[in-house]
Amino acid sequence: MLNPDSQLVYEILRSLTGDDGVYKIIEADEVIERLPADKRFTKVQLSGIVRDLKDRDYIGVKYFTPDEYCLLTLKRFEEQPSSSAQSAVSEQQKTEKQERVLYEAKKEKPAKLVGRGTVFFMAMLGSLVGSAVIAAVAILIVKFAL
């Protein structure tokens, strides 16, 4: 989990870069401008937070200097959705009936059993067809090669 400062910077970086998977060049001043008035960081502190986000694989960084960063934000499954989004999702899950079934909960279908006579007949038929193909190839070789 991220601390609140890192989470704030991550959300700002995500809004600046988007989700298109392309590296974008962002200036530190752009990020500092979007910070709330009570949370102001210096460029050095911001670089430390960017390095922390990079180490935790929240962002991909090609290069960064204290003044600009070339980065893209990565999608993380650990992110906590906002409380309004959580309540909307929980209500939606309650109203919809569950369509997906866990693998363990699926009913197992019994395997179709094939009788011994059927297996013997298929094996005999396969051997006869194989013998016929070999005999045809042998006749063609004898007729045209000799």
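Details of the structure are given in the entry above.
Let me sum up the structure you'll find in this document.

Rules of the game
- Residues numbered from 1 in each chain as written.
- Predicted model: local features only at pLDDT ≥ 70, side-chain atom pairs only at ≥ 80, totals over all residues.
- Heavy atoms only, no water.
- Helix = DSSP H or I, 4+ residues; strand = E, 2+ residues; numbered from the N terminus.
- Buried < 20%, exposed > 50% of the residue type's maximum accessible area, 1.4 Å probe, protein only.
- Areas by Shrake-Rupley, 256 points an atom, 1.4 Å probe, with all protein chains shown as cover.
- Phe/Tyr/Trp six-rings, centres within 6.5 Å; stacked < 30°, edge-to-face > 60°.
- Lys NZ or Arg CZ within 6 Å of the ring centre and 35° of its normal.

1. So, the overall build of the protein
So, point 1. Helix and strand counts for the protein stand at 5 helices and 3 strands.
So, point 2. Start at the N end of the protein and walk to the C end: the helices and strands fall as α-β-α-α-β-β-α-α.
So, point 3. Per-residue burial for the protein yields a buried fraction of 19% across its 146 residues.
So, point 4. Accessible surface, the protein: about 11700 Å² in total, of which carbon and sulfur atoms supply 59%.

2. Describing the packing of aromatic side chains
So, point 1. Following the criterion strictly, the structure yields 2 aromatic pairs and no others.
So, point 2. Pairing Tyr10 with Tyr58 gives two aromatic rings, centres 5.4 Å apart and planes at 75°, and the pair type is edge-to-face. Highlighted residues: Tyr10 in helix H1 (residues 4–17) and Tyr58 in the loop between helix H3 (43–55) and strand E2 (59–64), separated in sequence by 48 residues. As far as burial versus exposure is concerned, Tyr10 and Tyr58 are alike and both buried.
So, point 3. Summarising the aromatic geometry, the rings of Phe64 and Tyr69 are spaced 6.1 Å apart at their centres and angled 45° between planes, so their arrangement reads as tilted.
So, point 4. Sitting over the face of the ring of Tyr23, Lys62 holds its NZ or CZ atom 4.9 Å from the ring centroid.

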